Each structure stands twice: as C-alpha cells, then as structure tokens.
There are 2 protein chains.
Amino acid sequence: MRNRVLDVAEASFQERGYHASSIGDLMAAAGVTGGALHHHFPTKKALALAVIEERVAAAVEETWIAPVQAAGSAREGIRAVFEAVAAELEQQGFVRGCQLNNLAHELSLADPDFRFALASIFAAWREAIAGKVRTDQQTGEEQGTDPDRFAALAVAAYSGAMSMAKTAQDAGPLRDCLAELERRTDSAASLGRAGAKRRRRVLLRPGKP
Amino acid sequence: MRNRVLDVAEASFQERGYHASSIGDLMAAAGVTGGALHHHFPTKKALALAVIEERVAAAVEETWIAPVQAAGSAREGIRAVFEAVAAELEQQGFVRGCQLNNLAHELSLADPDFRFALASIFAAWREAIAGKVRTDQQTGEEQGTDPDRFAALAVAAYSGAMSMAKTAQDAGPLRDCLAELERRTDSAASLGRAGAKRRRRVLLRPGKP
DNA sequence: TGTAAAACAGGACGATCATCCTGTTTTGGA
DNA sequence: TCCAAAACAGGATGATCGTCCTGTTTTACA
C-alpha cells in the first residue's frame, strides 16, 4: 500500500510536478483512503521526500550509475546511456523529462530539505562518473581529463538536453549533444575518426496528456 | 500597472514557480486589485503566457543572444556569458536558476500553449548560437563544427549546469562546465594551450528564502 | 489465544485558490 | 465638452486544497 502510493506519486510528480499533483488525485489513482495515506505520509512534503530518496535516487542509480560503472570506460558508459535513453524516448513517443531535474527545478528553492535531498543525488551521480574516469586513468587513459569537470559536463549536458527534449517533445537534443560530445572527444584524442552521418530528426508523436 | 504585475509575476515565477505563486500573492506584491489584474490578464494562464513571451524571451535575448552576437566568435561569446553569469551569481550569493528552464520543466507538459511558447525561445537561443558559428565559418574558423550540434551542447551545458548550481546553491557547476568545454576546444583546435588553474570553489551564502 | 501496535477507513475541517461580478474612475478622440 | 471605451476597485463565489480526527480492522509477537 505504501509502495502503491509511492508508485503513483512518482509517476504524477514526473508528469504533472509536485504542486500540480493533489493528494486527492494521488489517493484516487492509488486506490487509497485518506487515513491510509496520512498514516504512511503525514504531510505531502513527507511523501515527496520519500519519493526523492527512495525512487528518484534509485532511478538515477539504475539508468546512470550502474550502466556507467559496468561500461568499459566512462566515455563508453555515457554514450550508452545517452543512446539508450534517446531510443527509449523515441520508442514510447513521449518525453517526460528527467525525474531528478524536474523536481530539482520545482523544489530546490521551496524547501531546504528538498534541496539537500536532491543535491545529494546530483552529487552521487557526478561522483559515479568522476570515479569511473579515475579508474580509466589507472589504465593510462584520460590522462588529460579532470574527472570532476568531465563529470559535471556530462551531467549538465544530459540534464540540459533532456530539458530541451521535454520542451520540444523530440529526442533530437539528446542525440545532438551526444554527437557533439563525441566529436570533441575524437578530436581531443586525435583519432581523426570520421564524424557520424547526420542523423535523421525524429519527430515524436504526442503522448497521452 | 500591467508592467508592475508582469514584474512581480516574473520574479515570483522564477523564485517560487508557477503553481506556487498564487494570484493573491501577486496582487499583494504588485499593489493591484483583483479587478485590475483580471482586466489585463483574464486567467493565470494568460498572465504566465505574457511573462514567457514578453519577459523570459527578453531575458534570453539580453543575457545570451545579444552577447553572443556581439562577441568576436561563438566560442568567445559563450565563454563570456558563462563567466558573467557565474560572477553575478557569486556576487549576489544566491542562485535562482534559469527562468526559461525553470518554467520549461514545470509547464511544458502542463499545457501545449506553454510548451510551444517555451520551445520557440529555446529554438531562438540555439539558432542564435548556430548562426554565429556559421558566421565564424565564413572567416575560415570552425570548419569541423556542426553549428546546430554545437549550439545544442552549449545550451544544454548551460541549462544543466544552472540546474545543478541552483540545487547546490553554488556557481561551481557553471565554472566546471565552461572549463571542460574550453579544454575540449583547446584540444580540438590543437592549440595545446595549458589548462587553466584549478579554480577555487566558492560556496555561496544562503540567500533570502 | 490475548493484546498492543500498526495499518487502514472515511469523512470533517478551515484555509486558500482562481475566477467572476457589479460598479466606479480615468482616458482619449470627436 | 461629451461620451464611449478602457482601466481599475473590491468583494462574492464555488471549488479544491492539505490536514486532521475518530473509529475499525489487521498484524505481529508473547
């Protein structure tokens, strides 16, 4: 029951945002009475904090941290995630945006507790990438790379690309940013590999809302 | 009077967001009665649309488009904007975030009218940078650069860095991303210029909220 | 099996929200 | 000067919000 509430809250917060998600809507969607919800989550803030700490953090872990750590290198991991997310968005035909960024924009200034919880997820995300770069460096790669700065750009590029993709309802910005990151990587590594063909721009069909 | 309403709405939307800004609060802050506000803006949506089209678009024009077009090159313009914004944030000691991104996250999925208005601002922003790159290319520079992809990455990196800066209340991500973008630029251009010294991390004092 | 705590039901509560209404004042052109 | 339109005043209204309250049921353990 508690998990059913978290399920619908997670989905509603991502699609409608925190303030636009009313407790009544969540109760109806989860099939839960007021008393039950109030028992597990005394306030709406408590519910949102649980969503952030239990669901958003897990989503970042699943879609970013684990794949990057499992990849052959930080750069390969980043490319894999960008491509996987872009492909998923194009397949489902709708861009809901990044859960972490959506809530970060709406709640960071609303309450310090929200901000701290969200900031720690950002920090873990960045640190996972930076740590992977440091691992790569032990094999002689990425010698000229500052791990923290590299991680900051990777996270920022993804977050910003998702923001554009959500607004345009088009996964194009993700593919553009990945291509530009890789082109620069190629040049920096002096590989001189020919740039990829110009991708076709996929216009997504509008989704549910 | 109409402008006074737009002033407080613009500020409140950026600091608290759309849904958390009540008409009553805006009326009190602007010193405007309900009748006056309803005369100029029949609905809250109409008010937000006016803020987006008249104020947010102007803010992007002022802080990004004009400086980039006035700069010696696209890369110089981008660096100037990143540094100017980072310096401003550190000086005022508080990160309110990017107006466009804040509203884009909260409103893109809420209403198609909002989404279209926000998407056109993103498009103008990207096109201004891409256009500057094309101008640079006429002088022989940036031959290997795809203007649209380059612009996408610049906008995404800024948007994402601002998102992190807002959540961390620290301008560091902006400086990190700029440094990483420039390092890659240096390598790509084979200039071999020594990387900038590691910047000091400025922890901003908490602001008003 | 007995029992205390946890989990859940379902409605009540005051506050706040966005909108709309009927008037009054101000403005600008004839 | 006249007058119609725009600008503004200020309260009314119904809906919806988040929270809380009093009971009932289920669970876990001794």
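It should be noted that the structure appears before, not after, this text.
Just so it is clear, the model here is predicted, and its values are computed rather than measured.

Points about the protein's contact with DNA strand C
As a structural note, the neighbourhood of DNA strand C is formed by 13 residues, with Thr-33, His-39 and His-40 of chain A together with Ile-23 and Lys-44 of chain B the closest of them. Backbone atoms, meaning sugar and phosphate, form 71% of the atoms of DNA strand C found within 4 Å of the protein. The side chain of Thr-33 of chain A places a nitrogen or oxygen atom 2.8 Å from a phosphate oxygen of DNA strand C. The side chain of Lys-44 of chain B places a nitrogen or oxygen atom 2.7 Å from a phosphate oxygen of DNA strand C. It is helix α3 (residues 34–40) of chain A that contributes the most residues to the surface near DNA strand C, five residues altogether.

Examining the protein's contact with DNA strand D
Within the structure, DNA strand D sits among 13 residues, and Ile-23 and Lys-44 of chain A together with Thr-33, His-39 and His-40 of chain B are positioned closest to it. Among the atoms of DNA strand D close to the protein, meaning within 4 Å, 72% are from sugar or phosphate groups. Ile-23 of chain A is positioned with one of its backbone polar atoms (N or O) 2.6 Å from a phosphate oxygen of DNA strand D. Between a base oxygen of DNA strand D and a main-chain N or O atom of Gly-35 of chain B, the distance comes to 3.1 Å. With five residues, helix α3 (residues 34–40) of chain B is the largest single contributor of residues to the surface near DNA strand D.

Considering the relation of the copies chain B and chain A
Of the transformation placing chain B onto chain A, the axial shift is 0.0 Å and the rotation is 180 degrees, giving an RMSD of 0.0 Å. What the superposition gives is, in effect, a two-fold axis relating one chain to the other. The overlap is high: 100% of the interface residues of chain B also sit at the interface in chain A, so the same surface is used on both sides.

Re the packing of helix α4 (residues 44–70) of chain B against helix α7 (residues 112–137) of chain B
Residues and elements named next belong to chain B. Direction vectors running N to C along α4 and α7 enclose 10 degrees, while the axes themselves pass 10 Å from each other. One finds that α4 runs roughly parallel with respect to α7. Across from Lys-45, Ala-48, Leu-49, Ile-52, Glu-53, Val-56, Ala-57, Val-60, Trp-64, Ile-65, Val-68 and Gln-69 in α4, the residues of α7 making contact are Asp-113, Phe-114, Ala-117, Leu-118, Ile-121, Ala-124, Trp-125, Ala-128, Ile-129 and Lys-132. Classifying every residue of the contact of α4 with α7 gives 17 nonpolar, one polar and four charged.

So, the nonpolar core
Core analysis: the largest hydrophobic core is formed by 128 residues, its most contacted members being Trp-64 and Phe-82 of chain A together with Trp-64 and Phe-82 of chain B. Setting aside its immediate chain neighbours within four residues, Phe-82 of chain A contacts Trp-64, Ala-154, Ala-157, Tyr-158, Leu-174, Cys-177, Leu-178 and Leu-181 of chain A.

Some thoughts on the interface of chain B and chain A
When the parts come together, some accessible area is lost, and that loss is often what is quoted as the size of the interface. Opposite the 57 residues of chain B that make contact, chain A presents 57 residues. Run the count over chain B and chain A and you get two salt bridges. Put simply, Arg-126 of chain A and Asp-176 of chain B hold a salt bridge, and the shortest N to O gap is 3.1 Å. Where chain B packs against chain A, one counts 14 residue pairs in polar contact (both at pLDDT 80 or more). Elements supplying a minimum of two residues to the side of chain B that touches chain A: α1 (2–16), α6 (99–107), α7, α8 (147–168) and α9 (172–188) of chain B. The biggest single contributor to the side of chain B that touches chain A is α8 of chain B, with 16 residues. Per-class residue counts for the side of chain B that touches chain A are 24 nonpolar, 15 polar and 18 charged.

Conventions we followed
- Residues numbered from 1 in each chain as written.
- Chains lettered and ligands numbered in written order.
- Predicted model: local features only at pLDDT ≥ 70, side-chain atom pairs only at ≥ 80, totals over all residues.
- Heavy atoms only, no water.
- Near = heavy atom within 4 Å.
- Polar contact = N/O pair within 3.5 Å; in protein donor to acceptor, adjacent residues only side chain to side chain.
- Helix = DSSP H or I, 4+ residues; strand = E, 2+ residues; numbered from the N terminus.
- Least-squares fit on C-alpha atoms with pLDDT ≥ 70 in both.
- Contact = heavy atoms within 4.5 Å.
- Axes fitted to C-alpha atoms, helices over the stretch in contact; angles between N-to-C directions.
- Parallel < 35°, antiparallel > 145°, perpendicular 65-115°, else oblique.
- Nonpolar A, V, L, I, M, F, W, Y, C, P; charged D, E, K, R; others polar.
- Core = buried A, V, L, I, M, F, W, Y, C linked by side-chain atoms within 4.5 Å.
- Buried < 20%, exposed > 50% of the residue type's maximum accessible area, 1.4 Å probe, protein only.
- Salt bridge = Lys/Arg side-chain N within 4 Å of Asp/Glu carboxyl O.

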